[in-house]
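Examination of the molecular architecture
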Amino acid sequence: MPAILLKKLPDITGPKFTAQNTTVRCDPPSTTVPTSKGTLYIDTHQLVFFSSQSNKGFAIDYPSIVIHAISREPAEETKDSHHIYCQLDCQFPGTQQNSDTEQDGTEDLFAELRFYPDDKDILDDVFAAMSECAALNPDDLVEVYSDDEDLDGHSDREVNRLDDPSIQSIGEFDPSNFITSVDQLEQLTPEGKAVLKHLESVIVLPEGQENGRFSDAEKTQD
Amino acid sequence: MLFYSFFKTQVGQQVTVELKNDLAIQGTLESVDQFLNFKLKDISVVDEERYPHMISVKNCFIRGSVVRYVQLSPPTVDTALLQDAARREAQSTQQQQQQSKPPTAATNTTAIATATGSVS
(Lines give C-alpha, C1' and ligand atoms only; values in the text may rest on other atoms or scores of the structure.)
Protein backbone atom coordinates (compact mmCIF):
# COMPACT_ATOMS: atom_id res chain seq x y z
CA MET A 1 0.00 0.00 0.00
CA PRO A 2 1.59 3.24 -1.12
CA ALA A 3 -0.53 5.61 0.97
CA ILE A 4 -2.52 4.53 3.98
CA LEU A 5 -5.17 6.67 5.63
CA LEU A 6 -5.01 6.84 9.40
CA LYS A 7 -7.70 7.47 11.97
CA LYS A 8 -5.31 7.50 14.88
CA LEU A 9 -1.65 8.24 15.30
CA PRO A 10 0.39 5.04 14.74
CA ASP A 11 3.45 4.04 16.72
CA ILE A 12 6.34 6.16 15.59
CA THR A 13 9.35 3.93 16.14
CA GLY A 14 12.23 6.26 15.46
CA PRO A 15 11.43 9.64 13.97
CA LYS A 16 14.41 11.30 12.27
CA PHE A 17 12.60 14.61 12.40
CA THR A 18 9.27 16.00 13.50
CA ALA A 19 7.70 19.08 11.96
CA GLN A 20 4.96 20.60 14.13
CA ASN A 21 2.20 22.91 12.92
CA THR A 22 2.33 21.85 9.32
CA THR A 23 -0.30 22.35 6.68
CA VAL A 24 -0.58 19.80 3.90
CA ARG A 25 -1.97 20.18 0.42
CA CYS A 26 -2.54 17.55 -2.20
CA ASP A 27 -2.74 17.89 -5.96
CA PRO A 28 -4.96 16.55 -7.50
CA PRO A 29 -7.19 17.48 -4.55
CA SER A 30 -8.25 14.72 -2.22
CA THR A 31 -11.03 14.79 0.33
CA THR A 32 -9.11 12.55 2.67
CA VAL A 33 -6.26 14.97 3.27
CA PRO A 34 -6.65 16.76 6.62
CA THR A 35 -7.35 20.46 6.20
CA SER A 36 -6.26 21.43 9.69
CA LYS A 37 -2.68 21.73 10.79
CA GLY A 38 -0.87 18.64 11.93
CA THR A 39 2.50 17.11 12.58
CA LEU A 40 4.78 15.60 9.98
CA TYR A 41 6.82 12.68 11.29
CA ILE A 42 9.79 11.60 9.22
CA ASP A 43 9.95 8.10 10.63
CA THR A 44 12.62 5.62 9.54
CA HIS A 45 10.00 3.32 7.98
CA GLN A 46 7.46 5.71 6.57
CA LEU A 47 6.40 9.27 6.28
CA VAL A 48 3.50 10.00 8.63
CA PHE A 49 1.29 13.06 8.76
CA PHE A 50 -1.32 13.30 11.47
CA SER A 51 -3.65 16.07 12.53
CA SER A 52 -4.93 15.55 16.05
CA GLN A 53 -7.37 18.40 15.50
CA SER A 54 -9.35 16.60 12.81
CA ASN A 55 -8.20 13.17 14.03
CA LYS A 56 -7.00 11.95 10.70
CA GLY A 57 -3.83 11.57 8.77
CA PHE A 58 -1.89 9.33 6.40
CA ALA A 59 1.28 7.30 6.06
CA ILE A 60 3.37 6.87 2.91
CA ASP A 61 6.07 4.31 2.22
CA TYR A 62 9.34 5.84 1.05
CA PRO A 63 9.53 3.80 -2.18
CA SER A 64 6.36 5.62 -3.31
CA ILE A 65 8.02 9.02 -3.00
CA VAL A 66 9.54 9.63 -6.39
CA ILE A 67 10.95 13.06 -5.68
CA HIS A 68 11.13 15.21 -2.63
CA ALA A 69 12.40 18.75 -2.70
CA ILE A 70 12.37 22.15 -1.06
CA SER A 71 10.30 24.67 -2.95
CA ARG A 72 11.34 28.27 -2.41
CA GLU A 73 10.12 31.38 -4.10
CA PRO A 74 13.06 33.65 -4.63
CA ALA A 75 11.40 36.74 -3.14
CA GLU A 76 11.58 37.15 0.62
CA GLU A 77 7.96 38.39 0.90
CA THR A 78 6.67 35.07 -0.42
CA LYS A 79 8.49 33.16 2.28
CA ASP A 80 5.18 31.83 3.62
CA SER A 81 4.82 29.69 0.51
CA HIS A 82 8.09 27.87 1.09
CA HIS A 83 7.39 24.20 1.46
CA ILE A 84 8.47 20.60 1.10
CA TYR A 85 7.38 19.16 -2.21
CA CYS A 86 6.79 15.43 -2.74
CA GLN A 87 5.80 13.62 -5.87
CA LEU A 88 4.21 10.20 -5.42
CA ASP A 89 4.13 7.36 -7.94
CA CYS A 90 0.49 6.69 -7.12
CA GLN A 91 -2.74 8.56 -6.67
CA PHE A 92 -3.70 9.67 -3.24
CA PRO A 93 -6.72 7.80 -1.82
CA GLY A 94 -9.96 9.73 -2.23
CA THR A 95 -8.76 11.79 -5.14
CA GLN A 96 -11.63 13.45 -6.96
CA GLN A 97 -11.65 12.21 -10.50
CA ASN A 98 -11.33 15.27 -12.64
CA SER A 99 -13.20 14.92 -15.93
CA ASP A 100 -10.51 16.98 -17.65
CA THR A 101 -7.73 14.53 -16.88
CA GLU A 102 -9.81 11.60 -18.07
CA GLN A 103 -10.51 13.18 -21.42
CA ASP A 104 -6.90 14.19 -21.62
CA GLY A 105 -5.90 10.57 -22.06
CA THR A 106 -2.83 11.16 -19.94
CA GLU A 107 -3.99 9.44 -16.81
CA ASP A 108 -0.74 9.64 -14.99
CA LEU A 109 -1.11 7.97 -11.65
CA PHE A 110 0.71 10.46 -9.56
CA ALA A 111 0.05 12.93 -6.83
CA GLU A 112 1.88 15.93 -5.48
CA LEU A 113 1.98 16.62 -1.78
CA ARG A 114 3.12 19.86 -0.24
CA PHE A 115 3.99 20.34 3.38
CA TYR A 116 4.01 23.89 4.73
CA PRO A 117 5.54 23.99 8.20
CA ASP A 118 4.97 27.26 10.11
CA ASP A 119 8.63 27.31 10.97
CA LYS A 120 10.36 27.79 7.61
CA ASP A 121 13.82 27.34 9.12
CA ILE A 122 13.29 23.60 9.49
CA LEU A 123 12.79 22.98 5.76
CA ASP A 124 16.42 21.96 5.28
CA ASP A 125 16.25 19.57 8.23
CA VAL A 126 13.06 17.98 6.90
CA PHE A 127 14.66 17.57 3.49
CA ALA A 128 17.83 16.04 4.96
CA ALA A 129 15.83 13.64 7.15
CA MET A 130 13.70 12.56 4.21
CA SER A 131 16.78 11.94 2.07
CA GLU A 132 18.30 9.80 4.80
CA CYS A 133 15.12 7.77 5.26
CA ALA A 134 14.70 7.30 1.51
CA ALA A 135 18.18 5.74 1.42
CA LEU A 136 17.26 3.53 4.37
CA ASN A 137 14.31 2.10 2.45
CA PRO A 138 15.56 0.90 -0.92
CA ASP A 139 13.36 -0.92 -3.38
CA ASP A 140 13.38 -4.70 -3.59
CA LEU A 141 16.30 -5.86 -5.69
CA VAL A 142 14.25 -8.25 -7.81
CA GLU A 143 14.93 -6.55 -11.13
CA VAL A 144 18.56 -5.71 -10.50
CA TYR A 145 19.72 -9.27 -9.88
CA SER A 146 17.50 -11.12 -12.34
CA ASP A 147 20.55 -12.08 -14.47
CA ASP A 148 22.41 -13.60 -11.52
CA GLU A 149 19.39 -15.55 -10.41
CA ASP A 150 19.43 -17.68 -13.53
CA LEU A 151 23.06 -18.64 -13.05
CA ASP A 152 22.70 -19.12 -9.32
CA GLY A 153 19.60 -21.19 -9.86
CA HIS A 154 21.70 -23.61 -11.90
CA SER A 155 24.40 -24.05 -9.26
CA ASP A 156 21.80 -24.28 -6.52
CA ARG A 157 20.41 -27.38 -8.15
CA GLU A 158 23.85 -29.02 -7.95
CA VAL A 159 24.12 -28.19 -4.28
CA ASN A 160 20.68 -29.61 -3.68
CA ARG A 161 21.75 -32.93 -5.14
CA LEU A 162 24.19 -33.34 -2.26
CA ASP A 163 21.36 -32.98 0.18
CA ASP A 164 19.42 -35.64 -1.68
CA PRO A 165 18.63 -38.36 0.91
CA SER A 166 18.85 -41.18 -1.68
CA ILE A 167 22.59 -40.54 -2.15
CA GLN A 168 23.15 -40.47 1.59
CA SER A 169 21.46 -43.84 2.10
CA ILE A 170 23.64 -45.54 -0.56
CA GLY A 171 26.78 -43.96 0.74
CA GLU A 172 26.65 -44.96 4.40
CA PHE A 173 30.26 -45.55 5.30
CA ASP A 174 31.08 -48.05 8.07
CA PRO A 175 34.78 -49.10 8.07
CA SER A 176 34.18 -51.73 10.80
CA ASN A 177 32.44 -53.94 8.20
CA PHE A 178 35.56 -54.01 6.02
CA ILE A 179 37.76 -57.06 6.00
CA THR A 180 41.37 -56.06 6.38
CA SER A 181 43.21 -59.28 7.34
CA VAL A 182 43.16 -63.00 6.48
CA ASP A 183 41.73 -64.15 9.83
CA GLN A 184 38.65 -61.99 9.27
CA LEU A 185 37.76 -63.98 6.14
CA GLU A 186 35.64 -66.31 8.29
CA GLN A 187 33.17 -63.44 8.78
CA LEU A 188 32.27 -63.54 5.09
CA THR A 189 28.85 -64.81 4.12
CA PRO A 190 28.73 -67.96 1.89
CA GLU A 191 28.01 -65.69 -1.09
CA GLY A 192 30.94 -63.51 -0.15
CA LYS A 193 33.24 -66.54 0.04
CA ALA A 194 32.06 -67.65 -3.41
CA VAL A 195 32.71 -64.19 -4.86
CA LEU A 196 36.17 -64.10 -3.28
CA LYS A 197 37.03 -67.53 -4.66
CA HIS A 198 35.94 -66.45 -8.14
CA LEU A 199 37.97 -63.20 -7.94
CA GLU A 200 41.07 -65.07 -6.81
CA SER A 201 40.74 -67.43 -9.76
CA VAL A 202 40.51 -64.63 -12.36
CA ILE A 203 43.09 -62.20 -11.00
CA VAL A 204 46.62 -63.44 -11.43
CA LEU A 205 49.38 -61.10 -10.39
CA PRO A 206 52.69 -61.69 -12.16
CA GLU A 207 55.42 -62.52 -9.67
CA GLY A 208 57.65 -59.74 -8.38
CA GLN A 209 55.51 -57.02 -9.93
CA GLU A 210 53.32 -56.22 -6.89
CA ASN A 211 55.66 -53.59 -5.59
CA GLY A 212 57.22 -52.41 -8.81
CA ARG A 213 54.20 -51.96 -10.98
CA PHE A 214 54.18 -48.14 -10.87
CA SER A 215 57.94 -47.66 -11.26
CA ASP A 216 57.58 -46.94 -14.98
CA ALA A 217 54.98 -44.26 -14.41
CA GLU A 218 57.21 -42.50 -11.91
CA LYS A 219 60.10 -42.54 -14.32
CA THR A 220 58.08 -41.01 -17.16
CA GLN A 221 56.88 -38.27 -14.86
CA ASP A 222 60.46 -37.36 -14.04
CA MET B 1 28.80 -0.79 -7.89
CA LEU B 2 30.45 0.29 -11.14
CA PHE B 3 27.76 2.81 -11.94
CA TYR B 4 27.76 4.16 -8.42
CA SER B 5 31.50 4.82 -8.76
CA PHE B 6 30.96 6.26 -12.20
CA PHE B 7 28.23 8.67 -11.14
CA LYS B 8 30.40 9.82 -8.25
CA THR B 9 32.83 11.12 -10.84
CA GLN B 10 29.95 13.18 -12.25
CA VAL B 11 29.27 15.07 -9.02
CA GLY B 12 29.29 18.79 -9.74
CA GLN B 13 28.45 18.28 -13.41
CA GLN B 14 25.32 19.30 -15.27
CA VAL B 15 23.04 16.32 -15.79
CA THR B 16 19.50 15.73 -16.98
CA VAL B 17 17.66 13.00 -15.13
CA GLU B 18 14.75 11.51 -17.02
CA LEU B 19 12.18 9.75 -14.86
CA LYS B 20 9.98 6.81 -15.70
CA ASN B 21 6.97 9.13 -15.54
CA ASP B 22 8.50 11.22 -18.36
CA LEU B 23 9.47 14.10 -16.11
CA ALA B 24 12.94 15.35 -16.96
CA ILE B 25 14.92 17.44 -14.52
CA GLN B 26 18.09 19.29 -15.36
CA GLY B 27 20.48 20.33 -12.66
CA THR B 28 23.86 20.03 -11.02
CA LEU B 29 24.54 16.62 -9.53
CA GLU B 30 25.05 17.19 -5.83
CA SER B 31 25.40 13.61 -4.63
CA VAL B 32 24.58 10.01 -5.46
CA ASP B 33 24.33 6.98 -3.18
CA GLN B 34 24.67 3.23 -3.71
CA PHE B 35 20.99 2.89 -4.68
CA LEU B 36 21.59 5.53 -7.35
CA ASN B 37 19.39 8.03 -5.56
CA PHE B 38 20.30 11.41 -7.00
CA LYS B 39 20.43 14.78 -5.29
CA LEU B 40 20.34 17.68 -7.71
CA LYS B 41 20.69 21.39 -7.12
CA ASP B 42 19.80 24.46 -9.17
CA ILE B 43 17.26 22.42 -11.02
CA SER B 44 14.89 23.25 -13.82
CA VAL B 45 12.15 21.06 -15.19
CA VAL B 46 12.55 20.53 -18.92
CA ASP B 47 8.80 20.51 -19.57
CA GLU B 48 7.75 23.33 -17.27
CA GLU B 49 4.25 23.65 -18.66
CA ARG B 50 3.40 20.20 -17.50
CA TYR B 51 4.86 20.58 -14.03
CA PRO B 52 4.34 24.27 -13.25
CA HIS B 53 4.58 23.74 -9.51
CA MET B 54 8.18 22.74 -9.70
CA ILE B 55 9.36 26.11 -10.99
CA SER B 56 10.16 27.27 -7.48
CA VAL B 57 11.94 24.06 -6.55
CA LYS B 58 15.67 24.62 -6.45
CA ASN B 59 17.06 21.32 -5.25
CA CYS B 60 15.57 17.89 -5.06
CA PHE B 61 16.10 14.25 -4.18
CA ILE B 62 15.21 11.69 -6.84
CA ARG B 63 14.65 8.07 -5.95
CA GLY B 64 17.01 5.82 -7.92
CA SER B 65 14.33 3.30 -8.82
CA VAL B 66 12.31 5.87 -10.77
CA VAL B 67 15.16 7.01 -13.00
CA ARG B 68 14.97 5.96 -16.64
CA TYR B 69 17.92 7.80 -18.16
CA VAL B 70 20.63 10.15 -17.03
CA GLN B 71 21.87 12.48 -19.74
CA LEU B 72 25.46 13.54 -19.27
CA SER B 73 27.56 16.16 -20.94
CA PRO B 74 29.89 14.27 -23.30
CA PRO B 75 33.20 16.00 -22.42
CA THR B 76 32.94 14.78 -18.81
CA VAL B 77 32.72 11.11 -19.74
CA ASP B 78 35.75 8.97 -20.57
CA THR B 79 33.88 6.41 -22.63
CA ALA B 80 36.96 4.25 -23.25
CA LEU B 81 37.62 3.99 -19.53
CA LEU B 82 33.96 3.27 -18.81
CA GLN B 83 33.86 0.51 -21.42
CA ASP B 84 37.01 -1.03 -20.02
CA ALA B 85 35.64 -0.91 -16.47
CA ALA B 86 32.34 -2.46 -17.55
CA ARG B 87 34.19 -5.25 -19.35
CA ARG B 88 36.35 -5.96 -16.33
CA GLU B 89 33.37 -6.03 -14.00
CA ALA B 90 31.58 -8.48 -16.29
CA GLN B 91 34.71 -10.66 -16.36
CA SER B 92 35.15 -10.73 -12.59
CA THR B 93 31.49 -11.60 -12.14
CA GLN B 94 31.93 -14.49 -14.56
CA GLN B 95 35.05 -15.70 -12.75
CA GLN B 96 33.28 -15.64 -9.40
CA GLN B 97 30.54 -17.80 -10.83
CA GLN B 98 32.98 -20.27 -12.33
CA GLN B 99 34.99 -20.49 -9.13
CA SER B 100 31.91 -21.39 -7.17
CA LYS B 101 31.21 -24.44 -9.40
CA PRO B 102 34.25 -26.85 -9.20
CA PRO B 103 34.12 -27.41 -5.39
CA THR B 104 30.50 -28.46 -5.76
CA ALA B 105 31.41 -30.99 -8.45
CA ALA B 106 34.35 -32.35 -6.40
CA THR B 107 32.17 -32.96 -3.36
CA ASN B 108 29.73 -34.79 -5.57
CA THR B 109 32.44 -37.17 -6.83
CA THR B 110 33.55 -37.93 -3.28
CA ALA B 111 30.02 -38.80 -2.31
CA ILE B 112 29.66 -41.17 -5.24
CA ALA B 113 33.07 -42.82 -4.58
CA THR B 114 32.12 -43.47 -0.98
CA ALA B 115 28.86 -44.97 -2.08
CA THR B 116 30.56 -47.32 -4.55
CA GLY B 117 33.15 -48.42 -1.96
CA SER B 118 30.54 -49.42 0.54
CA VAL B 119 28.40 -51.38 -1.90
CA SER B 120 31.24 -53.56 -3.21
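Residues numbered from 1 in each chain as written. Chains lettered and ligands numbered in written order. Predicted model: local features only at pLDDT ≥ 70, side-chain atom pairs only at ≥ 80, totals over all residues.

Brief notes about the overall build of chain A
Along its length, chain A carries six helices and eight strands. Start at the N end of chain A and walk to the C end: the helices and strands fall as β-β-β-β-β-β-β-α-β-α-α-α-α-α. Residues classed as buried in chain A amount to 22% of the 222 residues present. For chain A, contacts bridging at least 24 residues in sequence account for 60% of all contacts bridging at least 6. (Helix = DSSP H or I, 4+ residues; strand = E, 2+ residues; numbered from the N terminus. Buried ≥ 20, exposed ≤ 12 C-beta atoms within 10 Å, placed from the backbone. Contact = placed C-beta atoms within 7 Å.)

Some remarks on the overall build of chain B
Within chain B one finds three helices and five strands. When the elements of chain B are put in sequence order from the N terminus, they spell out α-β-β-β-β-β-α-α. Put simply, chain B has 120 residues, and 15% of those count as buried. A sequence separation of at least 24 residues applies to 46% of the contacts in chain B between residues at least 6 apart.

Looking at the nonpolar core
One finds A:Ile42, A:Ile65, A:Leu88, A:Met130, B:Leu40, B:Cys60 and B:Ile62 to be the most contacted residues of the largest nonpolar core, which totals 50 residues. With six residues, helix α2 (residues 123-136) of chain A is the largest single contributor of residues to this core. Setting aside its immediate chain neighbours within four residues, A:Ile65 contacts A:Leu47, A:Ile60, A:Cys86, A:Leu88, A:Ala134 and B:Arg63. (Core = buried A, V, L, I, M, F, W, Y, C linked by C-beta atoms within 7 Å.)

Considerations on the confidence of the model for chain B
Residue and element names in this part refer to chain B. For chain B, per-residue confidence averages 81 on the pLDDT scale, and 83% of positions sit at 70 or higher. This stretch, residues 104-120, has a pLDDT under 50; its non-local contacts, to residues over four places away or in other chains, come to 18 contacts. Across the whole predicted complex the pTM is 0.64, and at the interface the ipTM reaches 0.70. (pLDDT = per-residue confidence, 0-100.)

So, unusual backbone geometry
A cis amide bond, omega 0 degrees, links A:Asp27 with the succeeding residue A:Pro28. For A:Pro28, the location among the structural elements is in the loop between β2 (15-27) and β3 (38-43). A positive phi angle, near 60 degrees, is found at B:Leu36, a position not held by glycine. The class for B:Leu36 is partly exposed, based on 16 C-beta atoms found within 10 Å. Phi is positive for B:Asp42, close to 50 degrees, though the residue is something other than glycine. The residue B:Asp42 is located in strand β3 (residues 38-45) in this model.

Here we look at the environment of A:Pro63
In this fold, A:Pro63 is placed in the loop between β5 (56-61) and β6 (65-71). Looking at A:Pro63, the number of C-beta atoms within 10 Å reads 17, which means it is partly exposed. A:Pro63 sits 74 residues away from A:Asn137 along the chain, and the two C-alpha atoms are 6.9 Å apart. Filtering out sequence-adjacent residues up to four positions away, A:Pro63 remains in contact with A:Asn137, A:Asp139 and B:Ser65.

What to know about the pairing of β3(B)
All names here are of chain B. Across six bridges, the pairing between strand β2 (residues 24-32) and β3 is antiparallel. Considered in β3, the bridge of Gln26 is made with Ser44. In sequence, β2 turns back onto β3 through a hairpin of five residues, with Leu36 there showing a positive phi of about 60 degrees. Pairing of β3 with strand β4 (residues 57-62), which is carried by four bridges, proceeds in the antiparallel orientation. What sits directly across from Lys39, in β4, is Phe61. (Pairing = 2+ DSSP bridges.)

Observations regarding the confidence of the model for chain A
All names here are of chain A. With 67% of its residues at a pLDDT of at least 70, chain A reaches an overall mean of 75. The least confident element of chain A is helix α3 (residues 146-162), whose mean pLDDT is 44; the most confident is β3, at 94. Within the model, the stretch residues 99-106 combines pLDDT values under 50 with three contacts to residues more than four positions away or in other chains. Counting contacts from residues 143-162, a segment whose pLDDT is below 50, to residues more than four positions away or on other chains yields 10 contacts.

Some points on helix α5 (residues 190-202) of chain A
In a regular helix each residue adds 1.5 Å, so 13 residues correspond to 18 Å; α5(A) covers 19 Å between its end C-alpha atoms and thus fits that length. Judged by how many residues are buried, α5(A) sits mostly at the surface: zero of 13 residues are covered. (Expected span 1.5 Å × (residues − 1).)

Some details on the pairing of strand β7 (residues 83-88) of chain A
Residues and elements named next belong to chain A. Of all six residues in β7, five are buried; the element is thus mostly enclosed. Pairing between β6 and β7: six bridges, direction antiparallel. Its bridge partner lying in β7, Ile67 is registered against Gln87.

Topic: the environment of B:Ser73
Residue and element names in this part refer to chain B. Secondary-structure assignment places Ser73 in the loop between β5 (67-72) and α2 (79-99). Classification of Ser73 as exposed rests on a count of 11 C-beta atoms within 10 Å. Separated by 58 residues in sequence, Ser73 and Val15 place their C-alpha atoms 6.9 Å apart. If sequence neighbours within four positions are ignored, Ser73 has contacts with Gln13 and Gln14.

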